[in-house]
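Chains, contacts and geometry: an overview
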Amino acid sequence: LGKRILEALTSAYGNMIFSSGFIHGDPHPGNIFVMEGGRVALIDCGQVAQLFREQRLRVAGAILAAAAYDGSTEAIKALADVVRQFG
């Protein structure tokens, strides 16, 4: 069940950010309902922000850099470079 919940949240947030171009501004556990079968419902979307294409690309770069992070000097530099792009 835990894996299904994680997959549902990952899919929901991935679609929200990369397909729709917005982010939920208040994603605490009280705003996430876990339903039967591990499905999730995100509520209270009163605080949202639009992400433009360039911002979505930066978020994708940060996710990829974090996923590739292995503690090496090169990985630290790569992650730092991506974070600096956010300004």
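Notes on the structure follow. (Residues numbered from 1 in each chain as written. Predicted model: local features only at pLDDT ≥ 70, side-chain atom pairs only at ≥ 80, totals over all residues. Heavy atoms only, no water.)

1. Concerning the overall build of the protein
- Along the backbone of the protein there are three helices and four strands.
- Mapped from its N terminus to its C terminus, the protein presents α and β elements in the order α-β-β-β-β-α-α.
- Over its C-alpha trace the protein gives a radius of gyration of 15 Å, far above what one expects of a compact globule, namely 12 Å for 87 residues.
- In terms of overall dimensions, the protein has C-alpha extents of about 45 × 30 × 20 Å along its principal axes.
- Within the span of the protein, comprising 87 residues, buried residues form 17% of the whole.
- Residue pairs at least 24 apart in sequence account for 50% of intrachain contacts in the protein once pairs closer than 6 positions are excluded.
- Working note: accessible area of the protein is about 6100 Å², and carbon and sulfur atoms make up 61% of it. (Helix = DSSP H or I, 4+ residues; strand = E, 2+ residues; numbered from the N terminus. Rg over C-alpha atoms; globule rule 2.2 N^0.38 Å. Buried < 20%, exposed > 50% of the residue type's maximum accessible area, 1.4 Å probe, protein only. Contact = heavy atoms within 4.5 Å. Areas by Shrake-Rupley, 256 points an atom, 1.4 Å probe, with all protein chains shown as cover.)

2. Brief notes about the pattern of salt bridges
- Applying the stated criterion across every chain yields a total of two salt bridges.
- Among the salt bridges present, the one from Asp-81 reaches Lys-77, with a minimum N-O distance of 2.9 Å. Of the two residues, Asp-81 and Lys-77 are both situated in helix α3 (residues 73–85); the distance of four residues between them amounts to about one turn of the helix.
- Taking the relative accessible area as the measure of exposure, Lys-77 reaches 52% and is therefore exposed. (Salt bridge = Lys/Arg side-chain N within 4 Å of Asp/Glu carboxyl O.)

3. Structural notes on unusual backbone geometry
- Positioned with a positive phi, Asp-44 is a non-glycine residue whose angle comes to about 55°.
- One can find Asp-44 in the loop between β3 (40–42) and β4 (48–50).

4. Looking at helix α2 (residues 53–68)
- Taking 1.5 Å of rise per residue, 16 residues should cover 22 Å, and α2 covers 23 Å from first to last C-alpha, within 8% of that figure.
- Buried within α2 are the following residues: Val-59, Ala-62 and Ala-65. An end-on view of α2 places all buried positions within 125° of arc, on one side of the element. Among the exposed residues of α2, those oriented more than 90 degrees off its buried face are Arg-53, Leu-64, Ala-67 and Ala-68. (Expected span 1.5 Å × (residues − 1). Arc of directions from axis to C-beta.)

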